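Inside the fold
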Amino acid sequence: MKVPMLDLTEQYQGLKGQISEALDQVMSKAHFILGDNVKSLEQDVAKYSNVGYGVGVANGSDALHISLLGCGVEEGDEVIAPSFTFFATAGAIARIGAKPVFVDINPKTFNIDPSKIEAAITEKTKAIIPVHLYGQMVDMDPIVEIAKKHNLAIIEDAAQAIGATYKGKSVGELGTTACYSFFPTKNLGAYGDAGMIVTDDADIAERMRVIRVHGSKPKYYHHVLGYNSRLDELQAAILNVKFPHLDEWNNLRHEKANTYTELLNEQLGDKVITPYQDENCHHIFHQYTIRVERRDELQAYLKEQGVETMIYYPKPLHLQPVFSNLGYKEGDLPETEKACQEALSLPMFPELKSEQQEYVVSKIASFYKGE
Ligand SMILES: *Cc1c(COP(=O)(O)O)cnc(C)c1O
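Residues numbered from 1 in each chain as written. Predicted model: local features only at pLDDT ≥ 70, side-chain atom pairs only at ≥ 80, totals over all residues. Heavy atoms only, no water.

**A word on the pattern of salt bridges**
Oppositely charged side chains are able to pair whenever their charged atoms sit close together. Quick note on the threshold: The salt bridge criterion pairs a side-chain nitrogen of Lys or Arg with a carboxyl oxygen of Asp or Glu, the two atoms within 4 Å. Under the scheme used here, helices are H or I runs from DSSP no shorter than 4 residues and strands are E runs no shorter than 2 residues, and both carry numbers assigned from the N terminus. Partly exposed describes any residue whose relative accessible area lies between the buried limit of under 20% and the exposed limit of over 50%, with all areas from a 1.4 Å probe on protein chains only and scaled to the type maximum.
For the structure on display, the rule yields 15 salt bridges. For the salt bridge of E10 with K353, the shortest nitrogen-to-oxygen distance reads 3.0 Å. In this pair, E10 is assigned in helix α1 (residues 9–29) and K353 in the loop between β13 (343–346) and α11 (354–368), connecting sequence segments 343 residues apart. What makes K353 partly exposed here is its relative accessible area of 34%. As a salt-bridge pair, R294 and E297 come within 3.1 Å of each other at their nearest N and O atoms. Assessed through its relative accessible area of 45%, E297 is described here as partly exposed.

**Comments concerning the site of the ligand**
Short version of the rule: Any residue with a non-hydrogen atom lying within 4 Å of a molecule or strand is treated as near it. For this analysis, a polar contact is any N or O atom pair within 3.5 Å, provided that within protein one partner can donate a hydrogen and the other can accept it, and provided that sequence-adjacent residues contribute only side-chain to side-chain pairs. Calculation of accessible area relied on Shrake-Rupley with a 1.4 Å probe; when residues are assessed, cover is drawn exclusively from the protein chains displayed. Following the grouping adopted for this structure description, the nonpolar residues are Ala, Val, Leu, Ile, Met, Phe, Trp, Tyr, Cys and Pro, the charged ones are Asp, Glu, Lys and Arg, and the polar ones are all others, Gly among them.
Taken together, 14 residues are adjacent to the ligand, and G60, S61, Q160, S181 and K186 come closest. Note that an oxygen atom of the ligand is positioned 2.5 Å from one of the side-chain N or O atoms of S61. A distance of 2.7 Å separates an oxygen atom of the ligand from a polar side-chain atom of K186. Computed on the free molecule, the ligand has an accessible area of 380 Å², of which 93% lies beneath the protein chains in the complex. Elements with a minimum of two residues in the shell around the ligand: α3 (60–70) and α4 (87–95). The class makeup of the residues in the shell around the ligand is 5 nonpolar, 7 polar and 2 charged.

**Considerations on the packing of aromatic side chains**
Basically, it comes down to this: Between rings of Phe, Tyr and Trp, where Trp is taken as its six-membered ring, a pair exists when centres lie within 6.5 Å; planes separated by under 30 degrees are stacked, by over 60 edge-to-face, and by other angles tilted.
Under the criterion given, the structure shown has 15 aromatic pairs. Centre to centre, the rings of Y48 and F243 are 5.3 Å apart; their planes meet at 80°, and the pair counts as edge-to-face. Taken as a pair, Y48 in helix α2 (residues 36–48) and F243 in the loop between α7 (233–242) and α8 (246–268) lie far apart in primary sequence, 195 residues in all. Take Y48: its relative accessible area is 25%, and that puts it in the partly exposed class. A relative accessible area of 13% places F243 in the buried class. Summarising the aromatic geometry, the rings of F87 and F323 are spaced 5.7 Å apart at their centres and angled 20° between planes, so their arrangement reads as stacked. Of this pair, F87 sits in helix α4 while F323 sits in the loop between α9 (295–304) and α10 (334–342), and the two are 236 residues apart along the sequence. F323 gets classed as buried once you look at its relative accessible area, which sits at 5%.

**What about the domain arrangement of the chain?**
Keep this limit in mind: Start and end positions for the domains come from either an automated domain assignment or a database one. What makes two residues a contact is simply this: any of their non-hydrogen atoms within 4.5 Å. Accessible surface is computed with a 1.4 Å probe, and the buried area is the amount of it that two parts give up when combined, taken over both parts together.
When cut into domains, the chain gives domain 1 (9–244) and domain 2 (245–369). Domain 1 and domain 2 are separated by 24 Å when their C-alpha centres are compared. On the domain 2 side, the residues contacting the 45 residues of domain 1 number 37 residues. Across the domain 1 to domain 2 interface the summed buried area is about 3,800 Å²; carbon plus sulfur atoms make up 61%. By the criterion of area lost to domain 2, the three top residues of domain 1 are Y134, Q136 and N187, representing 20% of everything that side buries. Across the contact surface, domain 1 and domain 2 share 1 salt bridge. In this structure, the connection of domain 1 to domain 2 is made through 24 residue pairs in polar contact (both at pLDDT 80 or more). Considering only residue class, the side of domain 1 that touches domain 2 consists of 26 nonpolar, 12 polar and 7 charged.

**Quick word on the sheet that holds strand β7 (residues 169–170)**
Threshold: Pairs of strands are assigned from DSSP output, requiring at least two bridges between the strands.
Spatial strand order, β7-β6-β11: 3 strands in an open sheet with antiparallel pairing. Of all the strands in the sheet, the pair left with one neighbour each is β7 and β11 (281–282). Across 2 bridges, strand β6 (residues 165–166) lies against β11 in antiparallel orientation. Counted as the bridge partner of T165 is H282 from β11.

So, in structure tokens, the structure goes:
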């Protein structure tokens, strides 16, 4: 049996007619930039996030970059972020000449450990970027408290977490801004690059809208330095077809995750650490990530058996060559470094079949059998 990490083809077959029609409408009207589809998606996603404003941008990385600019972060400032995340989280900070200050994770959730944040704050700190990794929100209450106390912006990296909640609150409700990615593999994926920022702050929303069009307002008059980063109208048309299905797809992911956890606990006991679900959180399982010993050997074995898996992330950001100027060394963030050795993400998508899940778990069990 072959089990891919992700298969988007079945989903497309079910939506093909509607998507073709939506694309045809855009092309027939020939309004390709910041048209009705972008506006309607911005409104829907903002409402879904329980905030007032959505700003469509070219991708999730730009959503982070433009959020930082919108919140007034400048060259020389410091921004706190986890090191156990996708590169874009810290890339956005460094691109404006600010300094990423990395904080270790809680080993249970893989998310930034709020109890370690205050020690990293200096008079230069301007913002915190909590990353809701794998689809489970960060423990936000302590972060909101710290941000208030030190007057910091909170920029939620919600690229993996559209639809996740914390104590009944959506992504975006507790942060100054929240950043979504609609990269094709995310829970709400476009057919190319796309992203959005949501916020409840009208002034910040307006500033970010200006930044995404070269800082131009009124047109051809430039008071701030912006650039070209817009959510494409064709991508928005596709996303408008897919968005109404998001909750149903997230629920399916959740069911598949529970199936994996039951099967793994039954067949592998304590050989495999299954994902921790915080009782305050609704986890949307962008990834289903286990912790194991001999992870790389297991991954190679599964590959031979036709099971694709991924390592998110094999090398922490604080040890990446591009950040060597920041002066971090091995051992600085022990929980992050350990997670990089142990984390393995299993195939996860709404259309995953139970036979495929049973096969994946049976192959993990045969790898560890005899130990
Ligand atoms: C995908 C991702 C991003 C970047 O999104 P793009 O749309 O690919 O630019 C940022 N942060 C995290 C945690 C991500 O997973």
